[in-house]
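Chains, contacts and geometry: an overview
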Amino acid sequence: MDTQQMLYEGKGKKLFITQNTDEVLVEFKDDLTAFNAEKKGSEQGKGALNCEISTAIFELLAKEGINTHFIKKLDSNHMLCKKVDIIPIEVVVRNVATGSLTKRLGIEDGRVLPFALVEFYYKDDALGDPIINDEHCKILNITQDMSELDFLRAQARRINDVLSAFFIERKLRLIDFKLEFGKDSAGNILLADEISPDSCRFWDKDTNDKLDKDRFRQNLGNVKVAYEEVLKRILQK
Ligand code: UDP
């Protein structure tokens, strides 16, 4: 697979062209990065775990009527996806305050928010992914059609409802997560990127143990064990 032409390499994934111009091959890497790639590491088998976790979540969301870029899983760390132009917004949904929200607003870590908070961040590493609002999106030419932003927010809330219910049955609290969306060649907005412990925070329902990339960010150890536990709970039932 490595002989194929690479379209793009990100922090957690590589994208390759395929014979079909409407499809891309996505390779999940073992690399781990945090704090805008200032902290780097690697965990053998992490890519395969995220590929399997993302596959299960995209399949679940498809069943719930959410349009995603996912087509099929090909092998341990590759999936076939529809080619999309990524909308340069990171859509973050938060159920519980932690991470950058607590730092930015001084909200106590672990406080359950009165409603799911949806935030937009501008996907730009050089700028450190700043938080933006609808008017910034218009000025940055991310969209002139403001209803697209309402659509992203509505999709994010639906996804949060589906995933929160799914994970709490598996004794995992979905604390917060990041989504990316893209447009296919027909202009449809699809959920893209990945949904994994790299992009979500999961806390154990009983112990509040962190079972996500915070184990890497905060040097808590057992990163892979945590990702394996998330996969195990997804597959149970
Ligand atoms: N997140 C992500 N990629 C980013 C920034 C955030 O996947 O570039 C996820 C992160 O894993 C968490 C949520 O988005 O689940 C909210 O992250 P936060 O803004 O608290 O940022 P952090 O604490 O990671 O700086």
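Throughout what follows, the structure given in this document is the object of discussion. (Residues numbered from 1 in each chain as written. Predicted model: local features only at pLDDT ≥ 70, side-chain atom pairs only at ≥ 80, totals over all residues. Heavy atoms only, no water.)

1. Let's talk about the overall build of the chain
- Of regular secondary structure, the chain possesses six helices and 14 strands.
- Taking 2.2 N^0.38 as the reference for a compact globule, 237 residues should give roughly 18 Å; the C-alpha atoms of the chain span a radius of gyration of 17 Å, in line with that estimate.
- Classification of the 237 residues of the chain by burial places 49% in the buried group.
- Pairs at least 24 residues apart make up 56% of the contacts formed inside the chain by residues separated by at least 6 positions.
- A total accessible area of about 11,700 Å² is found for the chain, and carbon and sulfur atoms account for 48% of it. (Helix = DSSP H or I, 4+ residues; strand = E, 2+ residues; numbered from the N terminus. Rg over C-alpha atoms; globule rule 2.2 N^0.38 Å. Buried < 20%, exposed > 50% of the residue type's maximum accessible area, 1.4 Å probe, protein only. Contact = heavy atoms within 4.5 Å. Areas by Shrake-Rupley, 256 points an atom, 1.4 Å probe, with all protein chains shown as cover.)

2. A closer look at the site of the ligand
- Near the ligand, the surroundings consist of 16 residues, among which R94, S100, D176, R201 and R217 are the closest.
- Within the contact set of the ligand, an oxygen atom lies 2.6 Å away from a side-chain nitrogen or oxygen of S100.
- A distance of 3.4 Å separates an oxygen atom of the ligand from a polar atom in the backbone of S199.
- When the ligand sits alone it has 510 Å² of accessible area, and the protein chains cover 80% of it.
- At the level of elements, β9 (89–96), β12 (172–183) and β14 (200–204) are the ones that each hand at least two residues to the shell around the ligand.
- Classifying every residue of the shell around the ligand gives four nonpolar, four polar and eight charged. (Near = heavy atom within 4 Å. Polar contact = N/O pair within 3.5 Å; in protein donor to acceptor, adjacent residues only side chain to side chain. Nonpolar A, V, L, I, M, F, W, Y, C, P; charged D, E, K, R; others polar.)

3. Considerations on the pairing of strand β2 (residues 13–17)
- Note that strand β1 (residues 6–9) and β2 share three bridges and pair antiparallel. Of the residues in β2, the one forming a bridge with E9 is K14.
- With five bridges joining them, β2 and strand β3 (residues 23–28) adopt antiparallel strand pairing. For K14, the partnering residue across the bridge sits in β3 and is E27. (Pairing = 2+ DSSP bridges.)

4. A look at the environment of P114
- Within the secondary structure, P114 is located in strand β10 (residues 112–122).
- The spatial distance from the C-alpha of P114 to the C-alpha of P130 is 24 Å, given a sequence separation of 16 residues.

5. Quick look at the packing of helix α1 (residues 46–63) against helix α6 (residues 223–235)
- Where α1 meets α6, the closest approach of the two axes is 10 Å, and the angle between their N-to-C directions is 25 degrees. One element, α1, and the other, α6, form an angle in the roughly parallel class. Crossing handedness for the pair α1 and α6: left-handed. Residue-level contacts link K46, L49, N50, E52, I53, A56 and I57 of α1 to K224, Y227, E228, V230, L231, I234 and L235 of α6.
- Of the residues belonging to the contact of α1 with α6, the class tally is nine nonpolar, one polar and four charged. (Axes fitted to C-alpha atoms, helices over the stretch in contact; angles between N-to-C directions. Parallel < 35°, antiparallel > 145°, perpendicular 65-115°, else oblique. Left-handed = near helix turned anticlockwise from the far one by under 90°.)

6. Some remarks on the packing of aromatic side chains
- Counted under the stated rule, the structure contains three aromatic pairs.
- Measuring from ring centre to ring centre gives 5.1 Å for F166 and F167, while their planes differ by 85 degrees; the resulting arrangement is edge-to-face. The pair F166 / F167 is uniform in exposure class, with both members buried.
- Judged by centre distance (4.6 Å) and plane angle (50 degrees), the ring pair of F167 and F202 falls under tilted. Highlighted residues: F167 in helix α4 (residues 146–169) and F202 in strand β14, separated in sequence by 35 residues. For the pair shown, F167 and F202 are each scored as buried.
- In this arrangement the basic side chain of K39 is found over the ring face of F216, its NZ or CZ atom lying 4.8 Å from the centre.
- Sitting over the ring of F166, R170 keeps its end group 3.7 Å from the ring centre. (Phe/Tyr/Trp six-rings, centres within 6.5 Å; stacked < 30°, edge-to-face > 60°. Lys NZ or Arg CZ within 6 Å of the ring centre and 35° of its normal.)

7. Re α1
- Taking 1.5 Å per residue, 18 residues should reach 26 Å; α1 reaches 26 Å between its end C-alpha atoms and fits that length.
- Residue G65 follows α1 closely and has a positive phi angle near 85 degrees. (Expected span 1.5 Å × (residues − 1).)

8. Comments concerning the pattern of salt bridges
- Under the definition given, this model contains 22 salt bridges.
- Residue E119 pairs with R104 through a salt bridge whose shortest N-O separation is 2.6 Å. Remark: R104 occurs in helix α2 (residues 100–105) and E119 occurs in strand β10; sequence separation between them is 15 residues.
- Overall, the relative accessible area of 7% leaves E119 in the buried class. (Salt bridge = Lys/Arg side-chain N within 4 Å of Asp/Glu carboxyl O.)

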